[in-house]
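What follows is the residue order along each chain.
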Amino acid sequence: MELSSLVGASEIVGGAALFLMLVYRQVKTGAKDAWREEAEAQTARADRLERELSRLTEVVESLRRENRELRTHIDRLLNRGTDDDSH
């Protein structure tokens with residue numbers, strides 16, 4: 001009787017251990033997938049931010065050129081007015 005109780009208990013413990021091992025593997029795989037998805041999302045975000053930064057840099061450079069041109073034009077106008085006053 002003692003042996004059959006031991007075998008029955010070992011079947012229950014073995015089944016529970018197998019179940020826990022399968023659950024652990026599934027959780028571990030799910031966590032790995034979640035981390036992979038998060039890494040891909042962060043990579044996509046970094047790419048998008050890099051494109052936006054490039055676009056903003058182009059806009060700022062364009063504004064600087066326009067600003068330089070305006071300053072030159074204003075200086076010419078001011079100098080022309082000064083040149084006209086001296087004649």
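Before reading on, note that the structure itself is shown above.
Just so it is clear, the structure is predicted and the values come from calculations on it, not from any experiment.

1. Focus: the overall build of the protein chain
For the protein chain, the count of helices and strands is 1 helix and 0 strands. Compactness check: the protein chain gives a C-alpha radius of gyration of 37 Å against a globular reference of 12 Å for 87 residues, more than 25% above the reference. Taken along the three principal axes of its C-alpha coordinates, the protein chain extends 130 × 15 × 5 Å. Among the 87 residues that make up the protein chain, the fraction classed as buried is 0%. Put simply, the protein chain shows about 8300 Å² of open surface, and 59% of that area lies on carbon and sulfur atoms. Computing the positive centroid from 14 side-chain charges and the negative centroid from 17, the protein chain places the two 2 Å apart.

2. Observations regarding a positive patch on the surface
Among the surface-exposed residues, Arg64, Arg65, Arg68 and Arg71 lie close enough to one another that they form a single positively charged patch. Take Arg71: it is sitting in helix 1 (residues 2-86).

Reading guide: rules and limits
- Along each chain, residues carry numbers from 1 onward, in the same order as the chain's sequence is written.
- At least 70 in pLDDT is required for a residue's local features to be given in this predicted model, at least 80 for side-chain atom pairs to be given and counted, and no such filter applies to totals for whole chains, interfaces and linings, which use all residues.
- The basis for every side-chain value is the complete set of non-hydrogen atoms in the structure, without hydrogens or water.
- Starting at the N terminus, helices and strands are each numbered in turn, a helix being any DSSP run of H or I of at least four residues and a strand any DSSP run of E of at least two.
- Only C-alpha atoms enter the radius of gyration; for comparison, a globular chain is expected to reach 2.2 Å times N to the power 0.38, where N is the number of residues.
- Burial classes: relative accessible area under 20% of the type maximum marks a residue as buried, over 50% as exposed, and values in between as partly exposed (1.4 Å probe, protein chains only).
- For the accessible areas, the method is Shrake-Rupley and the probe is 1.4 Å, while residue cover comes only from the protein chains on display.
- When charges are tallied, Lys and Arg are placed among the positive residues and Asp and Glu among the negative ones, while His and the ends of the chain are skipped.
- By convention, the point assigned to a charge is CZ for Arg, NZ for Lys, CD for Glu and CG for Asp.
- Patch definition: residues above 30% relative accessible area lacking any salt bridge, with like charges linked at up to 9 Å and the nonpolar side chains Val, Leu, Ile, Met, Phe, Trp and Tyr linked at up to 5 Å.
- Any carboxyl oxygen of Asp or Glu within 4 Å of a side-chain nitrogen of Lys or Arg constitutes a salt bridge here.

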